[in-house]
Amino acid sequence: MSQTEDLMKRLPNDIGGFPADPVVQVEHELEPWEKRCHALADVLDFHKIINTEEKRRGVEALGSEMIGKLTYYERWIAAFANILFQKGILTPSDLAVKMDEVRSRERPNTESKNA
Amino acid sequence: MDRSSPASATFIQGVVPAAGELPVFSPGDSVRVLERSPVGHYRVPIYLRGKVGTVEAVMQPAAVNNEDEGYGHNAGSKLHYYRIAIPMTQVWPDYAGSPSDGIRIEVYETWLEGV
Amino acid sequence: MSNRNDDKVKHDHPHDEISHNASLGYYEIMETAVRELLIERQLIGPGEIRRQIEVLDSRNPALGAKVVAHAWLHPDFKARLLKNGRSGCEELGISFYDDTQLIVLENTPKVHNLIVCTLCSCYPRPVLGLPPDWYKLKPFRARAIYEPRAVLAEFGTIIPDDVEIRVSDSTAVIRYLVLPMRPAGTEKFTEEQLASLVTRDSMIGVIPANNPSETSPK
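Colleague: Got a minute to help me understand the confidence of the model for chain A in this structure?
Modeller: On average, chain A scores 92 in pLDDT, and the residues at 70 or more come to 90%. Note that pLDDT drops below 50 for residues 110-115 of chain A; the model gives that stretch zero contacts with residues more than four away or on any other chain.

Colleague: What should I look at first to understand the interface of chain A and chain B in this one?
Modeller: Accessible area lost upon the coming together of the parts serves often as the stated size of an interface. Contact residues are listed per partner, giving 14 residues for chain A and 13 residues for chain B. Of all the secondary-structure elements, those providing two or more residues to the side of chain A that touches chain B are α1 (5-9) and α3 (52-60) of chain A. At five residues, the largest contribution of residues to the side of chain A that touches chain B is made by α3(A). The class makeup of the residues in the side of chain A that touches chain B is two nonpolar, three polar and nine charged.

Colleague: Help me understand the interface of chain A and chain C, please; the structure alone is not making it clear to me.
Modeller: Contact with chain A, which involves 49 residues of that partner, is made by 53 residues of chain C. Within the residue set of the side of chain A that touches chain C, elements represented by two or more residues are α2 (32-46), α4 (64-69), α5 (72-86) and α6 (92-105) of chain A. Broken down by element, the residue count for the side of chain A that touches chain C peaks at eleven residues, all from α2(A). Looking at the side of chain A that touches chain C residue by residue, the class counts come to 24 nonpolar, nine polar and 16 charged.

Colleague: Explain the sheet that holds strand β1 (residues 30-33) of chain B to me, please; I cannot follow it from the model alone.
Modeller: The sheet built from seven strands is open, its strands ordered β5(B)-β1(B)-β2(B)-β3(B)-β4(B)-β3(C)-β2(C) with mixed pairing. Of all the strands in the sheet, just β5 (112-114) of chain B together with β2 (111-116) of chain C have a single pairing partner and so form its edges. Across the sheet, the mean angle separating the axes of adjacent strands is 35° when strand polarity is ignored. The pairing of strand β4 (residues 102-108) of chain B with strand β3 (residues 164-169) of chain C spans four bridges and is parallel. For Gly102(B), the partnering residue across the bridge sits in β3(C) and is Arg166(C).

Colleague: Whenever I open this one, the packing of α2(A) against α5(A) confuses me. Can you help?
Modeller: A pair of packed helices is captured by two measures, namely the crossing angle of their axes and the spacing between those axes. All names here are of chain A. At a closest axis distance of 10 Å, the pairing of α2 and α5 adopts a crossing angle of 45°. With respect to each other, α2 and α5 are oriented oblique. Between α2 and α5 the crossing geometry is left-handed. Between α2 and α5, the contacting residues are Glu-34, Cys-37, His-38 and Ala-41 on the first element and Tyr-73, Trp-76 and Ile-77 on the second. Residues belonging to the contact of α2 with α5 are distributed by class as follows: five nonpolar, one polar and one charged.

Colleague: Teacher, can you tell me more about the environment of Gly16(A) here?
Modeller: Along the polypeptide, Gly16(A) turns up in the loop between α1 and α2. With near-sequence residues (within four places) excluded, Gly16(A) lies in contact with Pro45(B), Tyr47(B), Thr118(C), Arg141(C), Ala142(C), Ile145(C) and Asp169(C).

Colleague: It is not clear to me how the confidence of the model for chain B should be interpreted in this structure. Could you clarify?
Modeller: All names here are of chain B. Here chain B shows a mean pLDDT of 92. Residues at 70 or above account for 91%. Throughout residues 1-5 the model reports pLDDT below 50, and contacts reaching past four residues in sequence, or to other chains, amount to ten contacts. Prediction confidence for the complex, expressed as pTM and ipTM, is 0.90 and 0.92 respectively.

Colleague: Explanation requested: the environment of Leu152(C) in the structure shown.
Modeller: Within the secondary structure, Leu152(C) is located in helix α10 (residues 148-154). Not counting the four nearest positions on each side in its chain, Leu152(C) is found in contact with Thr157(C), Ile159(C) and Val206(C).

Each value, and the rule that gives it
- Residues numbered from 1 in each chain as written.
- Chains lettered and ligands numbered in written order.
- Predicted model: local features only at pLDDT ≥ 70, side-chain atom pairs only at ≥ 80, totals over all residues.
- pLDDT = per-residue confidence, 0-100.
- Contact = placed C-beta atoms within 7 Å.
- Helix = DSSP H or I, 4+ residues; strand = E, 2+ residues; numbered from the N terminus.
- Nonpolar A, V, L, I, M, F, W, Y, C, P; charged D, E, K, R; others polar.
- Pairing = 2+ DSSP bridges.
- Axes fitted to C-alpha atoms, helices over the stretch in contact; angles between N-to-C directions.
- Parallel < 35°, antiparallel > 145°, perpendicular 65-115°, else oblique.
- Left-handed = near helix turned anticlockwise from the far one by under 90°.

As structure tokens, this is what we get:
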């Protein structure tokens, strides 16, 4: 009956107090795109296009599965896309067309290989 | 710790502060975190709900509710955050460390009631 | 829990901005596309991301170490720093590029401070740079708030039972920086020598500052 209430009441990131593994001291040097993504977050917050708290809410809204499977900055950029759509700043088509363009830019050799 | 909260200042007789202008709690006050379960974005972890603690400090200046900020509310309707001290044994019934160990956390005014 | 970050640790070379050999990842393509669209629509300026990367690259634990060392040497500065962490850092030229405030938490023989963000990854970035992955992952975030002593022990730090542990959970506009205790045997140290003992992890509160005899910090 109320089995799904807990999913509504507890955000997927609210994990203080949960049992968990020992801490493994992993860290990594950010890839350039991750650093650009972090800088983008700061710039969006500065302009209040997407403030930091909106970003947090946007990441939560991805849901447990995506939060578990996407890496930290992958979650950020996915959240930004969703929020920009919600605000009417970009449409999904805008982003899809631009992503195709970016993708096609980086493989200029494909055609010559097939010639 | 900020000790310059308006609550401790001397007001000339007859000056009425605006609603929300003054903090409602002062350092030393005993407060309880409310037990509501909001649908959507929140910043008060579930481990804290219903717990009683002591106000350690009033955060100045008054600020936007970050839970509303998560939906794009960037300005206005400012109230205070309070840094609360809560013993670990209050939060975790089986706490294994020293009984003097505690948690410190900022909580927004709308989540607190005096005890 | 995802193993993706373990994969990232094994990744030993950075990607070029545009790689001619390997395809750009899906999310990198998304990031590039979002950024270019926002610039085309003049919602952000063309140089802003580049500038903010420079800002981020300039923030690292050496800044926090400088704040700590200066506080160890100057009691009046330490008093100002403990009253208002942000303005204390600003006194030393460390600007805060966001709206966060800073509370500096002093460790003493009676009180040991530890910082965590159970809900996400709040961290004093303007003065420490970006947080390590472990700070943002579930084990630390879930357990630091209810078994700090066990977590500290995993870092090799044993806090006696007569020392109070305070775990500060950042959830709002305040960020925290731990001011570790000054190690013994440093009475004649210069500020620079003192700063070299202060590690990032000591300012999170998982380990003490290095003793003079220990080698280079993380």
